[in-house]
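Coordinate inspection notes
Take a look at the letters that make up each chain.
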Amino acid sequence: MPFKALNLSEPVLRGVQAAGYSDPTPIQLRAIPIVLGGGDVIGSAQTGTGKTAAFALPILTKLGHHGKARVLVLEPTRELAAQVETAFRDFARFTDLRTVAIFGGVGYGNQRAELRRGVDIIVATPGRLMDYLKEGTLSLRDINTLVLDEVDHMLDMGFLPVVKDIIGRCPRERQTLLFSATVPPEIQAIASFALRNPTRIEVGVARTVNESVKHALYPVGYAQKFDLLLALLEKTDFDSVLVFSRTKHGADKIARRLKAANHSVAVLHANRSQNQRMEALAGFKSGKYEVMVATDIAARGIDVAGVSHVINYDVPEKPEDYVHRIGRTGRAQAVGDAFTLVTPENAGDIRDIQRFIGAKIPELRLEGFPYGPFTPRPEQPPQQRESRHQAAQHPRDGDRRGGWNRFGGRGRR
Ligand code: AMP
């Protein structure tokens, strides 16, 4: 079924065409008619499935023309808020509808000015939005559509109390759309509190990983992890590579060593300043940097076109993070490879991941690599460890405007 058959408005259809989409993805096919019909939705879908357009297109169609602030979209991170706002703005380019991205990290001035000028769609992270609500710059009294996006990440980041507060400030009569890769009982509870007779849509179920991605485990001794990463980068024909580290400190260290080996490297984690993060992402997307080293939280949901490889330098701590990381490659029909470096102490994590995705990941050896003994990571004194809490600490509610998902550049070949 083409987009034309979905009852989207003419200017929105033109926006879709300008975005270069030819056919709707499965979640778009299922969600668009329900959203147009005014129903509430619980969508379990990851980023990479076309989820943003699945809610943005019918919402824009229903809004029609510029008026009051009628749509609120909540996102867990500033990167996601920026990305989703850009998507709305792109799809709305042939309408007179106005969007704003609200998040912390930079000044309040521009955001206040835009709010005062009048917007139809607010895409926000909870913290900064709350600031405006408390000071009275913004009211949610005209909101008729509330989108709670990536709710599982909001939960991970401890945002749920603020999110509940924000929901409570929206009119009761409204349409609510909730998206979450997984729907554990805590999220079901939020859904019962915020949604009315929702339709459940499960697409690209969270446990499956994109079939166009080729996975491999690369067992290696702890002492040779970095050498193997270098050798993989050397031997692989890649366009742009995302390297995942479990900790911020680890990410910095990997980046330093890759730079020393003459790779052009960007780093993305929560301790970097907003400007550094913007520069890293834009540079990675434009092809200035061929490698981006990131932590899970920082990379969550970001849409980087043209990521050809994901390398898990560290095995993710939670099985679902494996799926999130791998989701960065092979998006929207592209083909990608996902390599995971595995040291002996990761055996249990790998078992959990394989159980979670319901598939066995093949083990490979890199030909010509001078493998030494497969020794595990030496025990560290406790003070040297970066705790899980520190490692996963969410970025301060930061601010930026503008689009990251349109660059899609190529790196070295
Ligand atoms: P999302 O799941 O919303 O993060 O979208 C993932 C990627 O797929 C983004 O780069 C979108 O621009 C792209 N995309 C979304 N819908 C379509 C479509 N119908 N056809 C082609 N690409 C799409």
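Our structure's up above, just so we're on the same page.
All residue numbers refer to position in the chain's written sequence, counted from 1. Selection of residues for local features in this predicted model requires a pLDDT of at least 70, selection of side-chain atom pairs for listing and counting requires 80 or more, and totals for whole chains, interfaces and linings are taken over all residues. The basis for the side-chain values is all heavy atoms of the structure; hydrogens and waters are excluded.

The next thing to look at is the pattern of salt bridges. Opposite charge on two side chains allows them to pair when their charged atoms are near. We define a salt bridge as a side-chain nitrogen of Lys or Arg found within 4 Å of a carboxyl oxygen belonging to Asp or Glu. Taken as a whole, this structure holds 18 salt bridges when the rule is applied. Of the charged contacts, one joins Asp142 and Arg141 as a salt bridge, the two residues approaching to 4.0 Å between their closest N and O atoms. Between Asp349 and Arg246 there is a salt bridge, with its nearest N and O atoms 3.1 Å apart. Of this pair, Asp349 sits in helix H15 (residues 347–357) while Arg246 sits in the loop between strand E9 (241–244) and helix H11 (248–260), and the two are 103 residues apart along the sequence. By relative accessible area, which is 21% here, Asp349 ends up partly exposed. Among the ionic contacts, a cluster of salt bridges with common partners joins Lys51, Asp149 and Glu150. Only DSSP runs of H or I reaching four residues or more are called helices, and only runs of E reaching two or more are called strands; each is numbered from the N terminus. A simple rule labels every residue: compare its accessible area, found with a 1.4 Å probe on the protein chains alone, to the largest value its type can have, and call it buried under 20%, exposed over 50%, or partly exposed in between.

Note that Thr137 resides in the loop between helix H6 (126–135) and strand E5 (145–148). Once the C-alpha coordinates of Thr137 and Ala113 are considered, the two residues, 24 residues apart in sequence, prove to be 10.0 Å apart. Only heavy atoms matter for contacts: two residues are in contact if any of them lie within 4.5 Å across the pair. The residues contacting Thr137, other than those within four sequence positions of it, are Arg112, Leu115 and Tyr132.

The subject of this paragraph is unusual backbone geometry. Its identity as a non-glycine residue notwithstanding, Asn7 has a phi of 65°, on the positive side. Mapped onto the fold, Asn7 is located in the segment before helix H1 (10–19). A residue is classified by how much of its surface remains accessible, and Asn7, at 63% relative accessible area, is exposed. The backbone of Asn197 shows a phi angle near 40°, a positive value even though the residue is not glycine. Its place among the elements puts Asn197 in the loop between helix H9 (185–194) and strand E7 (199–202). We classify Asn197 as exposed; its relative accessible area is 73%.

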